[in-house]
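As a plain string of letters, each chain reads:
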Amino acid sequence: MSPKSPASPTGPAHPTDPASPKKHHPAPTRRLTTAQALVAFLARQYTERDGRRQRLISATWGIFGHGNVAGIGQALVEAGHGGNGTAHRMPYLQGRNEQAMVHAAVGYARQSGRLSAQAVTTSIGPGATNLVTGAALATINRLPVLLLPGDTFATRPADPVLQQLEVPYAGDVSVNDCLRPVSRYFDRITRPEALIPAALQAMRVLADPAGTGAVTLALPQDVQAEAYDWPEEFFAERDWHIRRPAPDTYELETAVRAIRSARRPLIVAGGGVRHSAAEETLAAFTAATRIPVASTQAGKGALRHDHPADVGGIGHTGTATANELARTADLVIGVGTRFSDFTTASGTLFSNPAVRFLHLNITAFDAHKLAALPLVADARAGLEALTAALAGRGYRVDPAYETECTGAKEAWEERVEASFATPDATARPTQTQVLGLLDDLVTEEDILINAAGSLPGDLHKLWRTRSRDQYHVEYGYSCMGYEIPAAIGVLLATGTGQRTRPVWALVGDGTYLMNPTEIVTAVQENLPLKLLILQNHGYASIGGLSEAVGAERFGTAYRHRDADGGFTGPPLPVDLAANAASLGLRVLRATTVDDLRKALSEARDAEGPTCVYVETETPDTVSGPPPAQAWWDVPVAETASRPAAVKAREEYDRQVAARRRHL
């Protein structure tokens, strides 16, 4: 059946006879496959916040196999050419690894302020299970991504089919059920008509500022290709309003009283500040109150590094300034943060016996953590309400406290300068010197992306963030392999047809080897990715942690085996620069500080994808910044025969004694 055109308005058969029966005109429908209907539906979904409107699903990433090639694949061919009677096209992006496609979509969503997302389609089997890591990253970081894995036959004409997981006790389980615990919403579309409510629920969750994350619609391959008469209204343009819930009056008054009674308050800014676009509102609040602001990994950039109220990162990877203020704070005001163990130093950081917590968060779950006074609201709306409620009540921190914060910040800045200093331009650079050279080069236009290894700690302590979105460190899941595909997503989100913003993916050799595949995508799309590879011959971050907990850096170096079977021989002759070049990147090798300075500048100006490769000094002590300013709980063996583990346990027992449950 061909698609039906809209029916004309109904009316009386005989206008002069009001009692005449009316003719029945069925609602207009369009005959499409389930996959075609889904793609057409997605192309018409929009978000709206503060008067700004954009596509909710801007593009679809895909790798095709027998589970999606004839369904979603064919539908994307139609949508890419304006088929199915629509001018609403669905752009297609070609990936090389399913996990990486999710990372790219997550990078895009974060750069888009969670107002726009991307879909990812895969075949059944390994293509689908490769999504799990990316889905976990998206959900933990509260970032929207739509997953469309193929699934086994709903009608079961052949059982089992290729790549089907057989579960003896359940006939309705497939490998896609692995995605349930890491998805904010999951449904399996076993009938075409079931897509309608499922698709609407999927959009609701993607656009939910409190409950967003990975959304999975598992699509049996036979259902994808099955035709159905879809109601035309299913394809109408639909706006999903991103709400800004205001605080409850009682909670607001309680929060105001807590702030007014505080002598040493400290704000902890998290990712919710960025998601809410509340940076200017936070700056206005601090201007009125002079309360200092520390930041989590996700919140770094909430204030510029040179803002008077900014005291740097907090927690295990934070600054001495922020952490000393945290230890003496009598009121900790969390704004849009989950208070992870890195932020709280595993429950040892906020040590003032009189400390209380006030959490402004859009989710009640997070607002009540640490037995806090909750202020459940959008970060911007909540800060606006707090600023207004405090206005005229004469609250401002004591000038002596403000002076203390300023002095401590200046002292830390001297330590940053010392870490970045490069006295010998002919020497091989350390990792922190690499960051210092990059710091000298970038402007507020540049974006830095990182996720794992020793770099997040160095960046959180030392990086001078110049704009609200410059610092893009994924530390909710801290997933090795995120950086390169995420940079592609960021580039897609920032591209305007003119010169795109410089986007840097910073990776160590361990991270590079995990997931370099999307270099090919950057080359294919001619995206000006700036990839900075730091070669330090192993898992340097975990090597340092291993040494600290008495595991003696076991299994963390990329070296040949020695005579005793260990890995203490010469470094492996791995040439990552040659590998990157073989995937299509232009590669600039740097061996000295001076070489690196020139290579970074050249890469920043490059119009195509470019790699800077540098081997850092002292592989066994990669990170040269000040040591951790707060503890992190990694349990140490309670009994051991080796001296390193015995000593590490003694230190662990000393540190854990300071842990406190805030009740």
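Residues numbered from 1 in each chain as written. Predicted model: local features only at pLDDT ≥ 70, side-chain atom pairs only at ≥ 80, totals over all residues. Heavy atoms only, no water.

(A) Looking closely at the pattern of salt bridges. Scanning all chains against the criterion turns up 42 salt bridges. Residues arginine 49 and aspartate 50 are paired through a salt bridge, measuring 3.9 Å at the closest nitrogen-oxygen approach. The class of arginine 49 is buried, set by a relative accessible area of 10%. Overall, aspartate 50 belongs to the partly exposed group, its relative accessible area being 47%. Measuring nitrogen to oxygen at the nearest pair gives 2.1 Å for the salt bridge that ties arginine 586 to glutamate 602. In this pair, arginine 586 sits in strand β22 (residues 586-590) while glutamate 602 sits in helix α23 (residues 593-605), placing the two residues 16 residues apart along the sequence. Salt bridges sharing common partners tie together Arg49, Asp50, Arg244, Asp378, Arg380 and Glu384. (Salt bridge = Lys/Arg side-chain N within 4 Å of Asp/Glu carboxyl O. Buried < 20%, exposed > 50% of the residue type's maximum accessible area, 1.4 Å probe, protein only. Helix = DSSP H or I, 4+ residues; strand = E, 2+ residues; numbered from the N terminus.)

(B) How the structure looks around the sheet that holds β22. An order of β19-β18-β20-β21-β23-β22 is seen for the six strands of this open sheet, with the pairing classed as parallel. Of all strands in the sheet, those with a lone pairing partner are β19 (471-473) and β22, marking the two edges. Looking at each pair of strands side by side, their axes are set apart by 20° on average, direction ignored. Here strand β18 (residues 447-450) pairs with strand β20 (residues 503-508) via three bridges, running parallel. Bridge assignment links leucine 448 to a residue of β20, and that residue is tryptophan 504. Lying on the sheet, helix α17 (residues 455-462) is in contact with β18, β19, β20 and β21 (529-535); it crosses β19 at an angle near 150°. Its contacts with the sheet place helix α18 (residues 483-494) against β18, β19, β20 and β21, and it is angled at close to 175° to β20. (Pairing = 2+ DSSP bridges. Axes fitted to C-alpha atoms, helices over the stretch in contact; angles between N-to-C directions. Contact = heavy atoms within 4.5 Å.)

(C) Highlighting unusual backbone geometry. Aspartate 159 connects to proline 160 through a cis peptide bond whose omega is 10°. Relative to the elements of secondary structure, proline 160 occurs in the loop between β7 (145-151) and β8 (185-188). Although it is not a glycine, glutamine 163 sits at a positive phi angle of roughly 75°. With respect to the secondary-structure elements, glutamine 163 resides in the loop between β7 and β8. We classify glutamine 163 as partly exposed; its relative accessible area is 33%. Positive phi, normally seen in glycine, also occurs at leucine 370, with a value near 60°. If you trace the backbone, leucine 370 turns up in the loop between α13 (364-367) and β17 (373-376).

(D) Structural context of the packing of aromatic side chains. Inspection of the entire model under this criterion finds 12 aromatic pairs. When the centroid spacing of 4.9 Å and the interplanar angle of 75° are considered together, the rings of tyrosine 228 and tryptophan 230 count as edge-to-face. With relative accessibility at 0%, the residue tryptophan 230 sits in the buried group. Ring centres 6.3 Å apart and planes at 75° place the aromatic pair phenylalanine 339 and phenylalanine 350 in the edge-to-face group. Within this pair, whereas phenylalanine 339 is found in the loop between β15 (331-335) and α12 (341-344), its partner phenylalanine 350 is found in the loop between α12 and β16 (356-361), the two being separated by 11 residues in sequence. Residue class for phenylalanine 339 comes out buried when judged on its relative accessible area of 8%. For phenylalanine 350, a relative accessible area of 2% puts it in the buried group. Three or more aromatic residues joined by ring pairs make a cluster, and in this case those are Phe41, Tyr228, Trp230, Phe234 and Phe235. It is lysine 300 that lies over the ring of tyrosine 471; its NZ or CZ is 5.6 Å from the centre. The aromatic ring of tyrosine 613 is capped on one face by arginine 589, whose charged end is 5.7 Å from the ring centroid. (Phe/Tyr/Trp six-rings, centres within 6.5 Å; stacked < 30°, edge-to-face > 60°. Lys NZ or Arg CZ within 6 Å of the ring centre and 35° of its normal.)

(E) Representation of the confidence of the model for the chain in the model. Overall, the prediction assigns the chain a mean pLDDT of 93, with 94% of residues at 70 or greater. When the criterion is pLDDT under 50, residues 1-16 qualifies, and its contacts beyond four places in sequence or with other chains add up to 20 contacts. (pLDDT = per-residue confidence, 0-100.)

(F) Region of the structure containing the environment of leucine 148. Here leucine 148 shows up in strand β7. Between the C-alpha atoms of leucine 148 and alanine 418, which are 270 residues apart in sequence, the distance is 49 Å. If near-sequence neighbours (up to four positions away) are discounted, leucine 148 is found in contact with Leu38, Leu42, Ala119, Val120, Thr121, Thr122, Leu217 and Leu219.

(G) Spatial organisation of the nonpolar core. In terms of nonpolar packing, the biggest core is built from 52 residues, with Ile259, Leu282, Ile314 and Phe350 touching the most fellow members. Ranked by size, the runner-up nonpolar core spans 50 residues in total, among them Ala214, Val503, Ala522 and Leu529. (Core = buried A, V, L, I, M, F, W, Y, C linked by side-chain atoms within 4.5 Å.)

(H) Quick peek at the pairing of β8. Bridge count for β8 against strand β9 (residues 214-220) is four bridges, and the pairing is parallel. Residue pairing across strands places tyrosine 185 opposite valine 215, the latter belonging to β9. Note on the crossover from β8 through helix α6 (residues 195-206) to β9: the handedness is right-handed. (Right-handed = clockwise from strand over helix to strand, strands pointing away.)

(I) Examining the pairing of β15 more closely. Among the five residues that make up β15, five are buried, leaving the element largely enclosed by the rest of the structure. Two strands pair when backbone bridges link them, and strand β12 (residues 265-269) and β15 are joined in this way by five bridges, in the parallel orientation. Its bridge partner lying in β15, valine 268 is registered against glycine 334. Relative to β16, β15 is paired through five bridges, and the arrangement is parallel. Residue pairing across strands places isoleucine 333 opposite leucine 358, the latter belonging to β16.

(J) Expanded view of the sheet that holds β17. The strand order across the open sheet built from six strands is β14-β13-β12-β15-β16-β17, with neighbouring strands paired in parallel fashion. Of all the strands in the sheet, just β14 (310-313) and β17 have a single pairing partner and so form its edges. The average angle at which neighbouring strand axes cross in this sheet is 20°, direction not considered. Strands in contact with helix α11 (residues 320-328) are β12, β13 (293-295) and β14; relative to β14, the strand with the most contacts, it is inclined by about 100°.

(K) Quick peek at the environment of threonine 216. By the element assignment, threonine 216 lies in strand β9. The buried category is assigned to threonine 216, whose relative accessible area is 0%. When the C-alpha positions of threonine 216 and aspartate 187 are compared, they lie 6.5 Å apart, and in sequence the two are 29 residues distant. If we ignore the near neighbours within four places in the chain, the residues touching threonine 216 are Leu147, Pro149, Leu179, Ser183, Tyr185, Phe186 and Asp187.

(L) Spatial organisation of the side chain of asparagine 176. Within the secondary structure, asparagine 176 is located in the loop between β7 and β8. Asparagine 176 has contacts with Ala128, Pro149, Gly150, Asp151, Phe186, Arg188 and Ala218, leaving out every residue within four places of it along the chain.

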